[in-house]
Amino acid sequence: MGNKTGFICDESYFWHDTGNGALFLSPGGWIEADEHGESPKSKRRVKNLLERSRFIEELHVLKPRPATRKEVEWNHARSYIDRVESLSRTEGGDAGELAIVGRGSYEIALLSAGGVISGIDAVMKGEVKNVYALTRPPGHHAERDKGIGFCLFNNVAIAAHYAKKEYNLKRILIIDWDVHHGNGTESSFYDDPEVLTISLHQEYNFPSNRGDVEDVGEDRGAGFNVNIPLPAGTGNAGYLHAIEKIISPIAEQFKPEIILVAAGQDASVFDPLAQMMVTADGFKKMAVAIKELAQQICGGRLVLCHEGGYSAAYVPICTLKIIEGISGLQSEVREDPYHETIKGLPTNILSPYQKHAIEQVIGVQSPFWKFENLSRV
């Protein structure tokens, strides 16, 4: 097996055009024209920081290939794919709910999904020890028949289908730590016992009425969908506690053959679309915890797929630290540049209401999973 962490990116990802907007609204009325929230800036700056710090030289850079139409159809309706393609080739528009398609976005979305597939191939063939795919447009909200929340094709779900079909994997774990619920991925595998989906997200955020603790899967998939809604203000301590007390014990019982992570850095302390308090150091510790879990259970096979994150200044720092975490290497960015601003925040304190939220998940999931090694919080 290669001993480096793989890194996947392509200039095309930054050319997906979400148009003019302010956060997620089109200008007009009282909304002055501004940059759309899901602009290429935050992701381009990730790559810029990797190059500026020369840390990219420590990574194995991989070239993504486009997903095929057949591969996308494993997760999406043909009529929906046709709609994205048609909008992409004409005037553009919304492919569902807040899912903007610009001219040329169809081909870029195929390359985004294919980027995660390329990561699967590299890990499964032993070319690298793990992968971070800096893909765009994001995907975890995209449902079978429509795009939602900036997402066109569900990159991580398509990659999971690919891993099942190409490598005959029977146990795949998807961890979604994007601050918004991974509704599209949940829908894709809600009745599938071969794909265990776990979503860590801010409660009552986006999409509305999704991500409840009680949504555990159905039919043969009952118990194979885990939602961990966390209260606003949850920081490093709460996320790490959830990983230790819920994700790790369940993963140890499920014994996945590969772990995929929908890695959105919008739970960060500076994100405009959430109210959480995870720092760059917190994201690094989360990445290390998941990497160690992968090493323990599935030979280290781990692929991270970039999702949300809307603080153009802070997402690059958080993502760099995540890549440090999975690579085991230290970049020249030794301290969070925003350390002085955030050092007084209670991000490393686990509050009683955060403990209670995690306890609720354990109570709902315990009929499905044996928590022998799980002490009550």
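Because the structure is a prediction, the values reported are computed rather than measured.

Draft legend 1. Structural detail: the sheet that holds strand β8 (residues 172–176). The sheet built from 8 strands is open, its strands ordered β2-β1-β6-β12-β11-β8-β9-β10 with parallel pairing. Lying at the two open borders of the sheet, with one neighbouring strand each, are β2 (60–62) and β10 (225–230). With direction set aside, neighbouring strand axes in the sheet form an average angle of 15°. The pairing of β8 with strand β9 (residues 195–202) spans 5 bridges and is parallel.

Draft legend 2. Molecular detail of a nonpolar patch on the surface. On the surface, a nonpolar cluster with roughly 250 Å² of combined accessible area is contributed by Leu23, Phe24 and Leu25. Inspection of the secondary structure assignment puts Phe24 in the loop between β1 (5–8) and α1 (41–52).

Draft legend 3. Examining the confidence of the model for the protein more closely. Put simply, the protein has an average pLDDT of 96, and 98% of its residues get 70 or more. Note that residues 373–377 has pLDDT below 50 and, in this model, 14 contacts with residues that lie over four places away or in other chains.

Draft legend 4. Region of the structure containing the environment of Val269. With respect to the element layout, Val269 can be found in the loop between β11 (258–263) and α8 (280–297). The exposure class of Val269 is buried, given its relative accessible area of 19%. Remark: the alpha-carbon pair of Val269 and Thr347, spanning 78 residues in sequence, is separated by 8.8 Å. Setting aside its immediate chain neighbours within four residues, Val269 contacts Met276, Met277, Val278, Tyr314, Ile342 and Leu345.

Draft legend 5. Geometry of empty space enclosed by the protein. In this structure the tally under the stated criterion is 1 cavity of 30 Å³ or more. The wall of the largest cavity is formed by Ile174, Asp176, His181, Gly182, Thr185, Glu186, Thr197, Ile198, Ser199, Asn225 and Asn227. Where the lining of the largest cavity is concerned, the elements lending two or more residues are β8, α6 (183–188), β9 and β10. At 3 residues, the largest contribution of residues to the lining of the largest cavity is made by β9. Taken together, the residues of the lining of the largest cavity break down into 2 nonpolar, 7 polar and 2 charged.

Draft legend 6. Local environment of the packing of aromatic side chains. Counted by the stated rule, this structure contains 10 aromatic pairs. Judged by centre distance (6.1 Å) and plane angle (90°), the ring pair of Tyr80 and Phe153 falls under edge-to-face. Placement of Tyr80 in helix α3 (residues 78–89) and of Phe153 in the loop between β7 (147–148) and α5 (155–167) is noted, with a sequence separation of 73 residues between them. Of the two residues, Tyr80 and Phe153, neither departs from the other in class, the shared state being buried. Between the aromatic rings of Tyr162 and Tyr167, the centroid separation amounts to 6.1 Å while the plane-to-plane angle is 75°, which identifies the pairing as edge-to-face. Overall, Tyr162 belongs to the buried group, its relative accessible area being 5%. Residue classification places Tyr167 among the partly exposed residues on the basis of a relative accessible area of 21%. Put simply, the rings of Tyr80, Tyr106 and Phe153 touch in pairs and so form one group of aromatic residues.

Procedures and definitions
- Residues numbered from 1 in each chain as written.
- Predicted model: local features only at pLDDT ≥ 70, side-chain atom pairs only at ≥ 80, totals over all residues.
- Heavy atoms only, no water.
- Pairing = 2+ DSSP bridges.
- Helix = DSSP H or I, 4+ residues; strand = E, 2+ residues; numbered from the N terminus.
- Axes fitted to C-alpha atoms, helices over the stretch in contact; angles between N-to-C directions.
- Patch = residues over 30% accessible without salt bridge, like charges linked within 9 Å, V, L, I, M, F, W, Y side chains within 5 Å.
- Areas by Shrake-Rupley, 256 points an atom, 1.4 Å probe, with all protein chains shown as cover.
- Salt bridge = Lys/Arg side-chain N within 4 Å of Asp/Glu carboxyl O.
- pLDDT = per-residue confidence, 0-100.
- Contact = heavy atoms within 4.5 Å.
- Buried < 20%, exposed > 50% of the residue type's maximum accessible area, 1.4 Å probe, protein only.
- 1 Å grid on protein atoms, 1.4 Å probe; cavity = no way out; pocket = protein on both sides within 12 Å on 5 of 7 lines; lining within 4 Å.
- Points joined across faces, edges and corners; volume = space filled by probe spheres on them.
- Nonpolar A, V, L, I, M, F, W, Y, C, P; charged D, E, K, R; others polar.
- Phe/Tyr/Trp six-rings, centres within 6.5 Å; stacked < 30°, edge-to-face > 60°.

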